[in-house]
Structure formats: structure tokens, C-alpha cells
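Report on the structure
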Amino acid sequence: MKYDFTIVGAGIVGLSTAYKLSLKYPESKILVLEKEGRVAAHQTGKNSGVIHSGIYYKPGSYKAKNCVDGRHQLVEFCNKHDVAIDVCGKVIVATADPEVPKLKEIYARGLENDIEGIELIDADRLKELEPHVKGVAAIHVPCSGIVDYAGVCRVLQKLLEKGNGEVRFNSKVTKIRHLGDEVIIEAGKEEISSSYLINCAGLYSDHVAKNAGVRSPVQIVPFKGEYYELKPEAEYLVNDLIYPLPNPEFPFLGVHFTRMALGGIECGPNAVFAFKREGYNKLSFDLRDTIETLNFPGFWKMAKEHWRMGLDEYRRSLSKKAFVKGLQKLIPEVRKEHLEVSPSGIRAMALQRNGEILDDFYFEVANRQIHVLNAPSPAATAGLAIGDEIARKVEENFKYKV
């Protein structure tokens, strides 16, 4: 069988793309290839499950536009299909007076991005929302929330398979070539013929692009996010979502507290270089992955620029005491004995050769191919909107008609 669209990766971006293409082109044949045995096996299923509002992102960017649109679609989708979700709101906290000007900048950006319902609040109102948080001021973001992203992916899979789509597991893509007007994809032990290829492979998106002959200026560098979880007897310390002010120089939001959609309260993550792209344990190591990163000049340029922050993150990784100290800036009552280790996640961070971190969603269009080469947070929140974006790119670049 020849497919019209073959999507690599069954995370939320890949499945959302397949779903939106199936709605736009209901007569097409769509195949999703996934190297693991289930959907949402990596970034989608191992993040903290937050529905981001879009408050942080540069106005006009892919992130800003698609986060707001995707959030609205996500809430509607989950309510329609009975996926666990709670639009519970969050607070972004200034813990000392010198942080207040930065807090106001974020608030102003949120207004520019049309984030509904946001409000600057004082310490008294913060205490009403989160009684155990120490802060002098905060932004209340009522449209943020929590969701089961893996559950979203399972529903997307079912909708695809009821319609004109197929999800094929244990199908790692190893080679991509062109034959006339066809893209030939080698995956598992078979060759697949497709009119178009869409690469949503996350942590290995740059490898898939390279296999397809695309020379991209970016390379994926993996960063591990390590989490703790509050023990049940300490869950009273957190009502909903509690965030510190983010560091403007780095695309991570700092250690925070997250009530999860399926129960429990997560604390973290930190952000440390991962020596294996899909290595979630403390000592995970892959020689090939490590050499690939160390040979990339952009990594060393980034390390030179941000080494102090990197040391601080490793300190939290190696010392539970240091991790707790970071959490205590928001909730002084948190103690070491309140925490137990929770599973880690890996974030695919796209770096340029000059060491700059690519901070927005990034796509490359090639011959009959679209490659999603950077889809960092809030990609899960924005997944359905990214699917729309890719469907538009198919129409604009390929003039596709069934």
C-alpha cells in the first residue's frame, strides 16, 4: 500500500499532525510510525502534564500563537473525550522585592499575548490561593491547568484508527530516500512508500532529517529534568501550580510544584545535560550520543556562556539538600523527608552552531518532507495547533489534493 502521509513519531505532535491531516484530507491514507511499543513513550509521556497559558513567550512567535490556540483546543478536546483535565490555575511568584519589576514585565507580556484572566496579586491574595507559599507578589494565571497528555495521545490514536489512519509500533525509521514522486521509508523490516513524510521524532528529529538528506543548522542536545514527588502526608503544602520567576537567559522555568492530573504533586525539574538521548536513570550513558554532542561546536559555546547555571543545576542533581533548598524559596516548610524520587524526563533542546538556543518552534520543508526540528515546551499544550500549522504547510508547499 502507498500512503499519502507518513508521520514519524507517536508523541502528541506526531499524533496531532496525523489527526489534523485526517480531518483536512479524509480520503487520504495516513501512517504513523513509532519505534516504541506505545504512544507518548518519551517527551509527551514524561513531562509534568501542565497546560501552559502562553504568558512567557515572545509576542508573535510560533510559541505564543500556537500555545494559546492549542490550549483552547486541548481543553475542548479533553472535555469531549473524557481525558483527565483540570483548569486549576497557577501562580508565578516573586519571592523578594527585587523580583517585582521582572514579574510586572511577564504580566505585561501576558497582556500582549491576550492571556485571559491574568491578574497581578499581592502577598495577601497569594496566601489565599497558596497558604504555604512565601512571596511578596505574584501573577495569578487562572487558565493554566493540568492534563493527562498520554491519555490525549491514546484518544488521538483511537480516532485515527477509526478513520483513515494507522499507527504502527516497533517501527524505527532507519533510512529515507526518494524514488520519483515517492518517499521510500525503511522502518523495522519493511519499506514503506509515501507521497509525503512528516518528521515529528522529538529527541531524534535531527537524526531522521539527516537520514532524509536534510542538512539542518541545528542539532538536538538532550537535557534531563529530574523530579521529586511530595509524599502524601506533605501534599497539603500545595493546592495547584506554583512557579518561580523564570531565568530570561535559559528556556527552563525553574523548579516548581505541580499537582498532577492523575494524582500526586511533582517538584522540579532541574535541567542537566543528559549523556544519553533517552536515558532516564541517573547513570544512563551512551557513548555515541555523548560523542555526537561533544563534537558539536554549539554545545561548547553554550556551555561557556551558561557554565555557572549548569553547575547550579548539577548541584541540585547530586544533592537532595540543594534541591530542597531551591524548593524552599517558594515553600519554606518543605523538608527533605517530604520528598521521594519521581521518574525523570528528557527535553530535546535544539542548538545552533553559534551556541544559541533555538527558543521557538522550528520547521524545515524539503522535497515532499516537513521536519519539526524544534518543538520544546509548550509543544504538548500547543500540539493540536501545531497539527494545524503543519496541515497548512502541506497545503501551501505541496499544493496537496487527494
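We now turn to the structure provided with this report. (Residues numbered from 1 in each chain as written. Predicted model: local features only at pLDDT ≥ 70, side-chain atom pairs only at ≥ 80, totals over all residues. Heavy atoms only, no water.)

1. Concerning the sheet that holds strand β8 (residues 145–147)
Taken together, three strands build an open sheet; the order of strands is β3-β8-β4 and the sheet is antiparallel. Two strands close off the open sheet at either side, each with one partner strand: β3 (50–51) and β4 (85–86). Pairing analysis gives two bridges linking β3 to β8, with the strands arranged antiparallel. Following the sheet pairing, Ile51 is matched in β8 by Gly145. (Pairing = 2+ DSSP bridges. Helix = DSSP H or I, 4+ residues; strand = E, 2+ residues; numbered from the N terminus.)

2. Some points on the pairing of strand β7 (residues 137–141)
Two faces make up the sheet, and in a regular strand the side chains alternate between them. When you tally the buried positions in β7, you get five out of five residues, the bulk of the element. Side chains Ala137, Ile139 and Val141 project from β7 onto one buried face, and the interleaved Ala138 and His140 project onto a second face that is buried too. Here four bridges tie strand β6 (residues 119–122) to β7, and the two strands are oriented antiparallel to one another. Within β7, the residue paired with Asp122 across the bridge is Ala137. (Buried < 20%, exposed > 50% of the residue type's maximum accessible area, 1.4 Å probe, protein only.)

3. Examining the state of the cysteines
One pass over the structure, following the stated rule, counts zero disulfides. Left without a disulfide partner, Cys153 is nearest to the cysteine sulfur of Cys78, which lies 10 Å away. (Disulfide = S-S within 2.5 Å.)

4. Re the pattern of salt bridges
Considering all chains together, one arrives at 22 salt bridges under this definition. Linking Glu278 and Lys35 is a salt bridge whose minimum nitrogen-to-oxygen distance equals 2.8 Å. With Glu278 in the loop between β17 (272–273) and α7 (287–294) and Lys35 in the loop between β2 (30–33) and β3, the pair connects residues that are 243 residues apart, well separated along the chain. You can call Glu278 buried: its relative accessible area is 18%. Measuring nitrogen to oxygen at the nearest pair gives 2.8 Å for the salt bridge that ties Glu190 to Arg168. Of this pair, Glu190 sits in strand β12 (residues 190–199) while Arg168 sits in strand β9 (residues 165–168); the two residues are 22 residues apart in sequence, bridging distant segments of the chain. Since its relative accessible area comes to 32%, Glu190 is described here as partly exposed. Each of the salt bridges in this network shares a partner with another, and the network as a whole consists of Asp312, Glu313, Arg315 and Arg316. (Salt bridge = Lys/Arg side-chain N within 4 Å of Asp/Glu carboxyl O.)

Worth remembering: the numbers are spatial, not functional.
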